Amino acid sequence: QALYPSLPQVKLCDFGFARIIGEKSFRRSVVGTPAYLAPEVLLNQGYNRSLDMWSVGVIMYVSLSGTFPFNEDEDINDQIQNAAFMYPASPWSHISAGAIDLINNLLQVKMRKRYSVDKSLSHPWLQEYRTWLDLRELEGKMGERYITHESDDARWEQFVAEHPLPGPGLP
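Rules and cut-offs
- Residues numbered from 1 in each chain as written.
- Predicted model: local features only at pLDDT ≥ 70, side-chain atom pairs only at ≥ 80, totals over all residues.
- Heavy atoms only, no water.
- Helix = DSSP H or I, 4+ residues; strand = E, 2+ residues; numbered from the N terminus.
- Buried < 20%, exposed > 50% of the residue type's maximum accessible area, 1.4 Å probe, protein only.
- Contact = heavy atoms within 4.5 Å.
- Areas by Shrake-Rupley, 256 points an atom, 1.4 Å probe, with all protein chains shown as cover.
- Axes fitted to C-alpha atoms, helices over the stretch in contact; angles between N-to-C directions.
- Left-handed = near helix turned anticlockwise from the far one by under 90°.
- Nonpolar A, V, L, I, M, F, W, Y, C, P; charged D, E, K, R; others polar.
- Core = buried A, V, L, I, M, F, W, Y, C linked by side-chain atoms within 4.5 Å.
- Salt bridge = Lys/Arg side-chain N within 4 Å of Asp/Glu carboxyl O.

The protein is annotated in an unreviewed UniProt entry as Serine/threonine-protein kinase D2-like of Galeopterus variegatus.

In structure tokens:
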């Protein structure tokens, strides 16, 4: 287990302005905290579920760097609409190129170019055995498989065969 420690658990809160958005539906009312809002919301255009993926990109940026991707001296709305985000050497020179690539693909102004949940989960930066184990454990507790996919099972079984792990086997 020491080689593959469990990941810390993250809990989200403050859903006071949350709205449920269907797979194909669009909304036009503005909800959310400005620093996390996607460009289409700020422009009062129609938006769909991809706006959450923009917010995930901002959350990743903040979680990895401890700062927002915005310059305090400039209008936040302009920066979001232009997606002109900076990656200053401190701390970004110590953060993997894979993480930056995923963030860049989430912080896409055009909704059709923005990564979906599935595309994000299959990004190489998130393809680690410990992450897969944690997700499978969560699915086991929930009683259904909804994050991982059966098509990945053989790949991880092969990984375990090539990299013997201490402790219990696959979930």
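Considering the overall build of the protein
For the protein, the helix and strand inventory stands at eight helices and zero strands. Expressed as a percentage of the 171 residues in the protein, the buried residues total 29%. Here the analysis covers contacts within the protein between residues at least 6 apart in sequence; of these, 54% occur between residues at least 24 apart. Accessible surface, the protein as shown: approximately 11,300 Å² in total, 56% of it carbon and sulfur.

A short note on the packing of helix H2 (residues 50-65) against helix H5 (residues 97-106)
Geometrically, a packed helix pair is captured by the angle between its two axes and the distance between the axes. Between H2 and H5, the shortest axis-to-axis distance is 8 Å and the interhelical angle comes to 145°. Crossing hand, H2 versus H5: left-handed. In contact with Met53, Trp54, Val56, Gly57, Met60, Tyr61 and Leu64 of H2, H5 contributes Ala99, Leu102, Ile103 and Leu106. When the residues that make up the contact of H2 with H5 are grouped by side-chain class, the tally is ten nonpolar, one polar and no charged.

A word on the nonpolar core
Judged by nonpolar contacts, the single largest core of 20 residues is most densely connected at Trp54, Trp92, Ile103, Leu106 and Leu107. Going through the elements one at a time, H2 and H5 are the ones with two or more residues in this core. Ignoring anything within four residues of it in the chain, the contact list for Leu106 reads Met53, Trp54, Val56, Gly57, Met60, Arg114, Tyr115 and Ser120.

Points about the environment of Ser55
With respect to the element layout, Ser55 can be found in helix H2. For Ser55, a relative accessible area of 14% translates into the label buried. A C-alpha to C-alpha distance of 6.9 Å links Ser55 and Ala38, two positions 17 residues apart in sequence.

Observations concerning the pattern of salt bridges
Scanning all chains against the criterion turns up six salt bridges. Taking the shortest distance from any N to any O, the salt bridge between Lys141 and Glu137 comes out at 3.4 Å. One end of the pair, Lys141, and the other, Glu137, are both in helix H7 (residues 129-142), four residues apart, so they sit about a helical turn from each other. You can call Lys141 exposed: its relative accessible area is 61%. According to the relative accessible area criterion, Glu137 is partly exposed, its value standing at 38%. For Glu139, the salt bridge is made with Arg145, and the minimal N-O distance between the two is 3.9 Å. You can call Arg145 partly exposed: its relative accessible area is 26%.

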